[in-house]
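So you can see what is in the structure, the chains are spelled out below.
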Amino acid sequence: MKKIRIGQVVSDKMTQTIVVRVEERKLHPKYRKHIRRHVKFHAHDSQETAGVGDIVKIEECRPLSRLKRWRLIEVLERAEE
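Cut-off values and rules
- Residues numbered from 1 in each chain as written.
- Predicted model: local features only at pLDDT ≥ 70, side-chain atom pairs only at ≥ 80, totals over all residues.
- Heavy atoms only, no water.
- Core = buried A, V, L, I, M, F, W, Y, C linked by side-chain atoms within 4.5 Å.
- Buried < 20%, exposed > 50% of the residue type's maximum accessible area, 1.4 Å probe, protein only.
- Helix = DSSP H or I, 4+ residues; strand = E, 2+ residues; numbered from the N terminus.
- Contact = heavy atoms within 4.5 Å.
- Pairing = 2+ DSSP bridges.
- Axes fitted to C-alpha atoms, helices over the stretch in contact; angles between N-to-C directions.
- Phe/Tyr/Trp six-rings, centres within 6.5 Å; stacked < 30°, edge-to-face > 60°.

Caption draft 1: Looking closely at the nonpolar core. Judged by nonpolar contacts, Val9, Ile18, Val20, Val22, Phe41, Ala43, Ala50, Val56, Ile58, Trp70 and Leu72 together constitute the single largest core of 11 residues. When contributions to this core are tallied by element, the ones reaching two or more residues are β2 (17-27), β3 (34-44), β4 (55-60) and β5 (70-77). With three residues, β2 is the largest single contributor of residues to this core. For Ile58, the residues in contact, after removing those within four places along its chain, are Lys3, Ile4, Arg5, Val20, Phe41, Ala43, Trp70, Arg71, Leu72 and Ile73.

Caption draft 2: How the structure looks around the pairing of β4. As paired strands, strand β1 (residues 4-11) and β4 are joined by five bridges and run antiparallel to one another. Bridge pairing in β4 links Ile6 to Lys57. Alignment of β4 against β5, held across six bridges, turns out to be antiparallel. Its bridge partner being in β5, Ile55 is matched across the sheet by Glu77.

Caption draft 3: Quick peek at the sheet that holds β1. Strand order in the closed barrel made by the five strands is β1-β2-β3-β5-β4, with mixed pairing throughout. Strand-to-strand twist of the sheet, defined as the mean angle between neighbouring strand axes without regard to direction, takes the value 45 degrees.

Caption draft 4: Main features of the packing of aromatic side chains. Under the criterion given, the structure shown has one aromatic pair. Measuring from centroid to centroid gives 4.7 Å for Phe41 and Trp70, while their planes differ by 50 degrees, and the two rings are tilted. One end of the pair, Phe41, is in strand β3; the other, Trp70, is in strand β5, with 29 residues separating them in the sequence. Each of the two residues, Phe41 as well as Trp70, counts as buried.

Caption draft 5: Expanded view of the pairing of β3. Two elements, β2 and β3, share 11 bridges in a ladder whose sense is antiparallel. Bridging from a neighbouring strand, Ile18 pairs with Ala43 of β3. In this antiparallel pair of consecutive strands, β2 and β3, the connection spans six residues, and Arg32 shows a positive phi of 55 degrees. Examined bridge by bridge, β3 and β5 share two bridges and lie parallel to one another. If you follow Ala43 over to β5, its bridge partner there is Trp70.

Shown next, in the form of C-alpha cells:
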C-alpha cells in the first residue's frame, strides 16, 4: 500500500520537480489544543503540469534522486492567477 498525500505546490523552479507542502492538524494529548504542522516533499512531475499554488495529490514511490521519493498523481485544483 503506497502512501498518498494532498498538499499545495510551493515551488516549481526545478525541471520535472515540484515541492509540495503537506499540512497536518493534530490534537495535543495533554492540553487538548489543535497544532498545525507542515512537511515539504519533493515530487517528480514529468510533464511539468503543476504550478505554484496548485493543490495536488502525490504518492510514494521508489527513490528517484537524493530528495525525490514521491510522484505526482494529479492536479486537484488550479491556482487563480
